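Take a look at the letters that make up each chain.
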Amino acid sequence: MGFAVMTMTDTAAERVKAIVGNSGSDAKGVRVGIKKGGCAGMEYTIDLVTEPNAKDDLIERDGARVWVEPSAVLYLLGTEMGFEMTTLRSGFTFTNPNQTSACGCGESVELKPADLAALAAQRQGEPAH
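What you see is a predicted model; the values in this text were computed from it and never measured.

Let's talk about the pairing of strand 5 (residues 64–68)
The element strand 5 is extensively covered by neighbouring structure, given that 4 of its 5 residues are classed as buried. Sheet analysis places strand 2 (residues 29–37) next to strand 5, joined by 3 bridges and oriented parallel. Of the residues in strand 5, the one forming a bridge with Arg31 is Trp67. The turn joining strand 4 (residues 57–61) and strand 5, which pair antiparallel and follow one another in sequence, is formed by 2 residues; a positive phi near 50° is taken by Asp62.

Here's the deal with the packing of aromatic side chains
Taken as a whole and judged by the stated rule, the model has 2 aromatic pairs. Between Tyr44 and Phe94, the ring centres sit 4.2 Å apart and the planes meet at 20°, which makes this aromatic pair stacked. Residue Tyr44 is found in strand 3 (residues 41–49), and its partner Phe94 is found in strand 7 (residues 90–95); the two are separated by 50 residues along the sequence. Arranged with centres 5.4 Å apart and planes meeting at 70°, the rings of Phe83 and Phe92 form a pair that is edge-to-face. Neither Phe83 nor Phe92 differs from the other in exposure class; each is buried.

Scoring rules and cut-offs
Residues numbered from 1 in each chain as written. Predicted model: local features only at pLDDT ≥ 70, side-chain atom pairs only at ≥ 80, totals over all residues. Heavy atoms only, no water. Buried < 20%, exposed > 50% of the residue type's maximum accessible area, 1.4 Å probe, protein only. Helix = DSSP H or I, 4+ residues; strand = E, 2+ residues; numbered from the N terminus. Pairing = 2+ DSSP bridges. Phe/Tyr/Trp six-rings, centres within 6.5 Å; stacked < 30°, edge-to-face > 60°.

In structure tokens, the structure reads:
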């Protein structure tokens, strides 16, 4: 079994399926990436996918498809994508072990590339150095 770049919660999968279902027959899923911006330095991006990019990583759960941009993979390794709806906001959330800080409003984050050696050691059951 391969290592998934990201995982998604049941609520995130349900929301992705709802977005795709409401977007017409050409929609196949969503694409997650990152871009420079905001006061903390980076922002997550989510776009509708009508034509998948063969270089993207594909994450699937219960029929929901999420593609991850190649340029974002190192920053998103180990991330869990969720979805929350509160009285003040609704949207996708990202629980990312590579996040070092976030701005006060929560719209942007500071990310560091994943430590591949530590991830490999974790997969083999060894302590990370």
